[in-house]
Amino acid sequence: MTRRDAEPKARGALEYGTDLEAPGMLWAALVRSPVAHGRIVHLDLSNARKMPGVVAVVGPDDLRALLPKGALEAERPVFPLDEIRYRGEPIAAVAAETLEQARRAAAAVAPEVESLRVDARIEDIFPEWPSEAAARDPRVVGHVHARHGDVDAKFRSAELVHSETYRTSGVHQVAIEPHACLAEIRDGTFCVRSSTQTPFGLREDIASILGIPESRLLIEGTWVGGGFGGKGAAFLEPYALLLAVASGRPVKLSLTYAEEFELGRTTLPSIIRLDTAVHRGRIVGRRVRLLLDTGASLPGRDFAVGYSIGFLLGPYRTETYEIEGFALQTNKPPFGPHRAPFAPQSAFALESHLDGLARRLGIDPIEFRKLHAWREGDRTAYDQPVGPFGLEAGLEAAARTAGRWRAGLPPGHGIGVACGFWSTSVGAGGEARLLLQPDGLVILEGEREIGNGSVVQGLAIVAERVLGLPLDAIRVEYGDTATAPFDSGVFGSRTLGALGQAVEKAARSLANTLATRAGVKVIQLEMKNSQVMVVAGRRRQKLVDLLTPAERAAGGIEALGKHYAPERKIDLSRVLAGTVYPYQDFTAAVHLAEVEVDRETGRVRVVRYAAFHDLGKAVDPPAVIAQVEGGVVMGLGTALSEEMLWTPEARLANPGLLDYRLPRIRDVPPIHVEVIEGFAGAGPFGAKGIGEPPIIPVPAAVANAVADATGTRVFELPLTPERVARALKLL
Amino acid sequence: MSFQLVQPSTPGEAIRLLSRSAAGEIAVLAGGTDLLFDLDQARIAPAQVLSLRKLPWRYLRWEGNSLVVGSTLPLRALELDPHVQSRLPGLWEAIRDVGSPALRSRATLGGNLGRCSPASDLIPILLALDARVRIVGPSGVREHPVDIVLQESRRTSLGPAELIESVILPASAPSTYLWQRVQPVNDISQVGVAAAFVPEGPHWRIALGGLQPRARRLSEAEAMLRSARPTHLEMELAAQEAARRAEFVSDKRATESYRRRLVSVLVRRAIQTTLDRMPKPSAPRKAAR
Amino acid sequence: MSDGPLALTINGKSRQFEKVPDSERLLDTLRWRAGLKGTKEGCRTGGCGACTVLVNGEPTLSCLVLSREVSQEKVTTIEGVATEKVGRLVIKAFTEAGAVQCGYCTPGFVVALAAQLRGGGSPPSVDTLVDGLEGNLCRCTGYCAIQKAVEAAREAVK
């Protein structure tokens with residue numbers, strides 16, 4: 001069955017954040033800092049207040065009057081009170097009758113700023129690898145350093161040590177729909193409608209930023225025109241709310257693409273140093289050093305580096321290791337989640353490194369990975385046990401395909417393999433409310449469908465499988481944070497796996513209740529003449545006949561399913577400083593790329609691509625293929641053309657589609673998708689999440705293919721024609 | 001941004017409107033693919049915008065061995081014309097990958113020339129083909145080679161009340177246009193190379209785009225191609241000379257050294273492709289016994 | 001400031017609007033005055049194609065058109081295309097090929113593709129049809145399912 005949302009979306013009939021409108025609505029614009037680092041000496045908003053059409057202007061001095069006490073103590077103040085930390089940082093906001101009037105007024109504000117020294121790049125802070133003492137630099141906002149086993153001894157006695165440095169660039173989510181929200185105060189309730197992946201997360205975030213209790217916040221998600229991690233945390237909503245309070249009218253705020261790029265919280269550049277010690281053909285030690293640009297992140301928030309560094313060991317058994325990572329504060333917006341945050345970049349470094357190492361040892365790159373591949377029971381750097389894991393099976397499948405490709409490979413072409421792994425999130429957890437009515441089943445959720453189909457279709461399929469009811473009699477409906485059951489949000493590849501379990505539990509509960517009433521152990525449901533029928537053995541009866549009078553009055557029988565993150569005991573001595581992540585499953589990915597390289601210009605063309613994914617059970621196969629295809633192509637962007645370019649003054653030099661280059665329809669090779677089933681996850685029917693894994697191995701697979709084709713490795717992302725030309729020593 | 005839109009339907013009306021305005025007070029809107037960005041970014045703030053949309057300049061005509069293109073004809077119309085592709089392959093290659101199809105439905109030859117961007121894909125091929133520009137203004141009509149009309153980014157030799165009416169392109173020369181970008185679609189070229197062989201020379205023409213202040217003919221490289229069918233070595237030497245002579249800058253799209261490298265490759269390829277497009281010489285007659 | 005009444009022909013109907021600034025883009029007139037929000041706002045710089053409409057049957061980036069420029073021309077939006085036979089076939093092809101994920105880019109693709117398939121006669125080749133979609137960006141699907149939709153739509157229209 002085609003997805004229910006597909007046809008209305010194709011007709012342009014569904015409402016996204018950018019479409020929001022309310023009677024009496026004002027349009028908002030942000031006043032943004034002209035410098036990347038500075039102190040606000042004087043912020044005069046009186047000019048803006050007097051301009052035509054302006055109804056409200058809100059700056060740092062207005063907060064006290066507008067909000068309940070406690071707002072200024074927020075960990076993330078909504079406006080900088082003193083220090084501007086990145087160019088374009090919002091320092092005030094304007095609401096006016098038209099968007100043009102709001103923008104003009106915002107542009108008329110000329111803050112008096114004392115400029116401070118700008119740190120635009122990692123190299124501005126650490127021109128060389130820093131010592132441990134360097135961790136005391138105030139611009140180091142996060143630092144992790146952990147060891148496992150006697151690394152030094154292993155390196156000393158190793159037959160071979162392979163050492164390389166990799167560099168990755170900043171990339172942006174670029175959802176086609178920019179951020180957008182509409183805020184209004186209704187009967188003392190602060191209401192926000194927003195294009196968001198996490199309505200409940202948004203409520204929590206806004207509460208902590210503005211000091212408004214969650215009970216007075218009402219969040220409703222709209223249809224989302226792409227999220228990719230960028231529409232999780234609160235972003236525009238606090239400004240819109242402040243203006244709604246100040247003006248007494250609904251306020252709409254959305255961003256231009258230039259603002260999306262300049263303000264985006266996303267993956268930032270990194271420098272990665274990898275050293276691997278090998279003895280008798282096996283990896284015996286690894287040193288990882290990561291310098292991660294985390295933009296204007298605040299101290300103590302080392303989540304980015306603590307989280308990222310584990311990926312640099314990969315899904316491989318590593319006997320001894322030492323890992324050290326620095327989160328560096330530069331004058332850019334704070335590092336934020338992109339699809340599989342920083343995992344494609346980590347995999348680029350590690351998988352390129354392993355590829356080079358295998359070649360140096362004269363071992364086949366796939367065989368070399370198999371030697372070390374995780375199996376069920378292995379433990380990660382965060383001391384999490386790896387459950388059923390299909391990496392070896394994926395490598396075997398990839399080897400068969402690679403063999404076929406190799407046999408007919410034209411001259412000038414190359415094949416690359418790369419692996420990735422992902423831990424799908426649980427978040428805090430989620431709940432689903434099912435209402436079985438005489439004419440079908442309704443699943444009530446607080447999220448909207450963000451595009452991957454996991455909400456609108458995936459959850460419905462879970463219910464279908466448990467209850468037997470056909471998909472066209474199942475419908476997902478969307479509530480808000482007041483009416484819908486809690487869920488952490490659509491992120492971390494968690495929806496089908498975690499929220500799906502909530503649906504599964506609710507569906508089983510319904511089935512059990514009906515079975516008991518029907519006097520049997522097991523029932524199934526089916527439709528007849530548009531009525532729900534309960535099938536108990538050979539007996540069929542209408543659902544209505546099994547409902548209580550109260551249920552009949554209420555319209556049907558309800559069940560609430562809950563799935564929350566289980567508690568786990570962890571050996572803290574193995575855990576990287578303070579970073580423990582609730583996870584659901586580990587899933588493996590193996591990718592193959594065939595490329596052709598123009599040896600005169602450095603242009604890389606991806607000829608064909610194959611992706612092997614361990615996802616337990618494909619509950620919604622078309623959605624799986626769609627996610628893999630989409631993730632691979634997004635990965636091709638990261639691999640070949642996407643990079644954010646900053647000037648030494650930390651100004652983004654390419655805040656637009658002309659110079660931030662996304663893959664287009666002609667850039668896409670044939671993509672073969674193969675699902676590895678059987679290594680069950682915790683999700684319904686053994687499913688594991690698939691939203692993020694497909695992007696992870698792509699840059700590495702392409703880079704390894706380029707190395708295979710040319711004999712030359714490129715150590716920097718993206719592999720633009722110029723970078724490849726430079727590596728080929730054409731310049 | 002607020003302005004008054006005027007939409008004259010005759011060239012005379014347009015010229016009168018332009019003549020009446022002070023510098024900076026009026027901006028000319030052809031396809032809008034440049035001007036609207038300038039307005040959005042507040043690069044300019046004219047009181048009036050003069051749209052050329054209603055003027056009778058949306059045509060293409062074959063006049064003998066020349067193609068005459070009205071200056072406000074959308075590039076897409078040129079792209080889809082089957083004779084353009086066969087008779088002016090270099091022009092077709094320059095046009096077909098500008099922006100995207102919908103952008104090409106708006107972008108115009110006149111607008112491209114008026115903007116005179118160093119990265120323009122159309123200027124190199126017009127130079128190589130020795131195109132001429134017909135200009136109308138208060139003092140009447142004048143016609144000049146493209147090379148003379150174009151000066152530098154955003155500057156041509158047009159007077160404040162003059163407009164480009166049409167472009168005349170000789171269509172007898174086999175030609176080629178090759179470009180290099182980071183991405184093929186919706187991207188600006190790092191370097192563009194146009195090559196044409198004009199039988200009425202006989203003369204090779206090589207023009208290079210991506211240069212500052214604007215694209216130009218490479219006479220030094222042209223001089224190294226002495227025959228109608230240069231050898232591979234001659235092509236290589238001409239390409240190297242072109243790379244040596246070209247003055248590039250480094251910017252966010254490419255470094256100067258990469259541009260130079262691209263020129264040495266693309267000039268050679270452009271000459272070869274143009275050679276392949278020439279009518280084959282007839283087989284030599286066997287010597288009589 | 002220059003604004004005044006504006007008449008547009010949208011989806012076959014004549015619509016009148018008051019006080020429309022000369023600087024207003026067709027995209028904004030359609031979405032905020034005509035109530036036709038099926039045409040989506042993306043980059044506003046002609047790079048993403050989400051705002052694609054038809055002007056006299058030709059795919060046009062409505063973010064780069066001044067509304068007043070097209071007051072004598074026929075504007076067709078996704079809402080109009082969706083009621084036409086070719087439009088319905090294109091939409092069906094997209095939905096059945098799994099080419100609609102977040103859906104934000106879809107109206108732009110549908111309009112751009114339908115434009116090439118209208119007008120009867122033998123449809124252009126798949127290659128030509130795909131070329132016509134080069135200006136439309138999708139971030140979700142990787143274009144694979146969209147290419148299948150193009151093939152299916154072409155078959156259906158033949």
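**Some remarks on the overall build of chain C**
The number of helices and strands found in chain C is six helices and five strands. Mapped in sequence order, the helices and strands of chain C form the string β-β-α-β-β-β-α-α-α-α-α. Relative to a compact globule of 158 residues, whose C-alpha radius of gyration would be 15 Å, chain C shows 16 Å and is just as compact. Counting only C-alpha atoms and orienting by the principal axes, one finds that chain C spans roughly 50 × 30 × 20 Å. With 158 residues in all, chain C has 66% of them scored as buried. Taking the contacts inside chain C whose residues are at least 6 apart along the sequence as the reference set, 61% of them involve residues at least 24 apart.

**Here's the deal with the interface of chain B and chain A**
Each partner contributes to the interface: chain B provides 16 residues, whereas chain A provides 18 residues. With five residues, the single largest contributor to the side of chain B that touches chain A is helix 12 (residues 256-277) of chain B. Among the residues forming the side of chain B that touches chain A, the class breakdown is eight nonpolar, five polar and three charged.

**Quick notes on the pairing of strand 15 (residues 320-328) of chain A**
Residues and elements named next belong to chain A. Of all nine residues in strand 15, seven are buried, a share of seventy percent or more. As judged from the nine bridges shared by strand 14 (residues 282-293) and strand 15, these two strands associate in the parallel manner. Counterpart to Gly285 in the pairing with strand 15 is Thr320.

**Points about the interface of chain C and chain A**
The accessible area lost on association of the parts is a frequent measure of interface size. Across the boundary between the two partners, chain C contributes 41 residues, which contact 43 residues of chain A. Listed by contribution, the elements that provide at least two residues to the side of chain C that touches chain A are helix 2 (78-81), helix 3 (85-96), helix 4 (106-117) and helix 6 (144-157) of chain C. Broken down by element, the side of chain C that touches chain A gets its largest block of residues, four residues, from helix 3 of chain C. Looking at side-chain class alone, the side of chain C that touches chain A contains 21 nonpolar, twelve polar and eight charged residues.

**Observations regarding the sheet that holds strand 19 (residues 474-478) of chain A**
All names here are of chain A. The strand order 19-18-17-23 describes an open sheet built from four strands, whose pairing is mixed. Only two strands of the sheet have a single neighbouring strand rather than two, namely strand 19 and strand 23 (557-564). Ignoring strand direction, the axes of neighbouring strands in this sheet form an average angle of 25 degrees. Bridge count for strand 17 (residues 429-437) against strand 23 is eight bridges, and the pairing is antiparallel. Its bridge partner lying in strand 23, Glu431 is registered against Lys562. Set on the sheet, helix 14 (residues 454-467) makes contact with strand 17, strand 18 (440-445) and strand 19; between it and strand 19 the angle comes to about 135 degrees. Its contacts with the sheet put helix 15 (residues 495-518) on strand 17, strand 18 and strand 23, and the angle it makes with strand 23 is roughly 145 degrees.

**Some words on the domain arrangement of chain A**
Residue and element names in this part refer to chain A. Domain annotation of chain A identifies domain 1 (15-116 + 179-254), domain 2 (270-425 + 571-727) and domain 3 (429-564). The straight-line distance from the C-alpha centre of domain 2 to that of domain 3 is 37 Å. Opposite the 22 residues of domain 2 that make contact, domain 3 presents 17 residues. Of all the secondary structure elements, the ones that give two or more residues to the side of domain 2 that touches domain 3 are strand 16 (413-425), strand 24 (583-597) and helix 17 (621-640).

**Side note on unusual backbone geometry**
Here Leu717 of chain A and Pro718 of chain A are connected by a cis peptide whose omega angle stands at -10 degrees. Mapped onto the elements, Pro718 of chain A comes out in the loop between helix 18 (698-710) and helix 19 (721-727). Following Gln212 of chain B, the chain continues to Pro213 of chain B via a peptide bond in cis, the omega torsion being -5 degrees. By the element assignment, Pro213 of chain B lies in the loop between strand 13 (203-209) and strand 14 (216-217).

**Notes on the domain arrangement of chain C**
Residue and element names in this part refer to chain C. Considered domain by domain, chain C is made up of domain 1 (3-77) and domain 2 (82-157). A C-alpha centroid distance of 21 Å is found between domain 1 and domain 2. If you look at the interface, domain 1 gives 13 residues, while domain 2 gives eleven residues. Taken together, the elements giving at least two residues each to the side of domain 1 that touches domain 2 come down to strand 3 (52-55) and strand 4 (58-61). It is strand 3 that provides the largest number of residues to the side of domain 1 that touches domain 2, a total of three residues. A per-class count over the side of domain 1 that touches domain 2 returns six nonpolar, five polar and two charged.

What counts and what doesn't
Residues numbered from 1 in each chain as written. Chains lettered and ligands numbered in written order. Predicted model: local features only at pLDDT ≥ 70, side-chain atom pairs only at ≥ 80, totals over all residues. Helix = DSSP H or I, 4+ residues; strand = E, 2+ residues; numbered from the N terminus. Rg over C-alpha atoms; globule rule 2.2 N^0.38 Å. Buried ≥ 20, exposed ≤ 12 C-beta atoms within 10 Å, placed from the backbone. Contact = placed C-beta atoms within 7 Å. Nonpolar A, V, L, I, M, F, W, Y, C, P; charged D, E, K, R; others polar. Pairing = 2+ DSSP bridges. Axes fitted to C-alpha atoms, helices over the stretch in contact; angles between N-to-C directions. Domains from an automatic or database assignment.

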